[in-house]
Amino acid sequence: MGGKLWDVLECKWTRQIVGQLAGGSARFNEIERAMDVPTSTLSDRLKRLESAGIVSREVEDDSPPAVRYALTEKGNGSPR
């Protein structure tokens, strides 16, 4: 997993996303606006971070549904 984790973290957008979420959870559109990142890039990076256990994804029961992202304990650097 170590190599895979570094593959995820080495991208400049990934570091910026983690930095953005260090301040607390945020909706997809909030992250996109704050970083001025292409939508497809943000979506791909968030999926990779979620797969690596660094970011959690929560679908809010709104109309239309909103997705909120947050760092997990692993993403915060906390031991399990």
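Here the structure is a predicted model, which is why all the values come from computation and not from measurement. (Residues numbered from 1 in each chain as written. Predicted model: local features only at pLDDT ≥ 70, side-chain atom pairs only at ≥ 80, totals over all residues. Heavy atoms only, no water.)

Colleague: Even after reading the chapter, I still don't get the pairing of strand S2 (residues 55–60), so can you show me in this structure?
Modeller: Side-chain positions along a regular strand alternate between the two faces of the sheet. Where S2 meets strand S3 (residues 66–71), six bridges bridge the pair, whose relative direction is antiparallel. If you follow Glu-60 over to S3, its bridge partner there is Ala-66. (Pairing = 2+ DSSP bridges. Helix = DSSP H or I, 4+ residues; strand = E, 2+ residues; numbered from the N terminus.)

Colleague: Whenever I open this one, the pattern of salt bridges confuses me. Can you help?
Modeller: Side chains that differ in sign of charge can pair as their charged atoms come close. One pass over the structure, following the stated rule, counts five salt bridges. Between Asp-62 and Arg-27 there is a salt bridge, with the nearest N and O atoms lying 3.2 Å from each other. Of this pair, Asp-62 sits in the loop between S2 and S3 while Arg-27 sits in strand S1 (residues 26–27), placing them 35 residues apart in sequence. On the accessibility criterion, Arg-27 (29% relative accessible area) is partly exposed. Salt-bridge contacts for Arg-68 lead to Glu-60; the nearest nitrogen and oxygen are separated by 2.7 Å. A residue is classified by how much of its surface remains accessible, and Arg-68, at 23% relative accessible area, is partly exposed. Using a relative accessible area of 19% as the deciding quantity, one classes Glu-60 as buried. (Salt bridge = Lys/Arg side-chain N within 4 Å of Asp/Glu carboxyl O. Buried < 20%, exposed > 50% of the residue type's maximum accessible area, 1.4 Å probe, protein only.)

Colleague: Help me out: how do you make sense of the nonpolar core in this one?
Modeller: Most often, soluble globular proteins keep nonpolar side chains buried together rather than apart. Core analysis: the biggest nonpolar cluster contains 19 residues, and Leu-21, Val-55 and Tyr-69 have the highest contact counts within it. Those elements giving two or more residues to this core turn out to be helix H2 (12–21), helix H3 (28–35), helix H4 (39–51) and S3. No other element matches the four residues that H2 contributes to this core. If we ignore the near neighbours within four places in the chain, the residues touching Val-55 are Leu-21, Leu-46, Leu-49, Glu-50, Tyr-69, Ala-70, Leu-71 and Thr-72. (Core = buried A, V, L, I, M, F, W, Y, C linked by side-chain atoms within 4.5 Å. Contact = heavy atoms within 4.5 Å.)

Colleague: Teacher, can you tell me more about the environment of Asn-29 here?
Modeller: Here Asn-29 is to be found in helix H3. Judged by relative accessible area, which is 44%, Asn-29 ranks as partly exposed.

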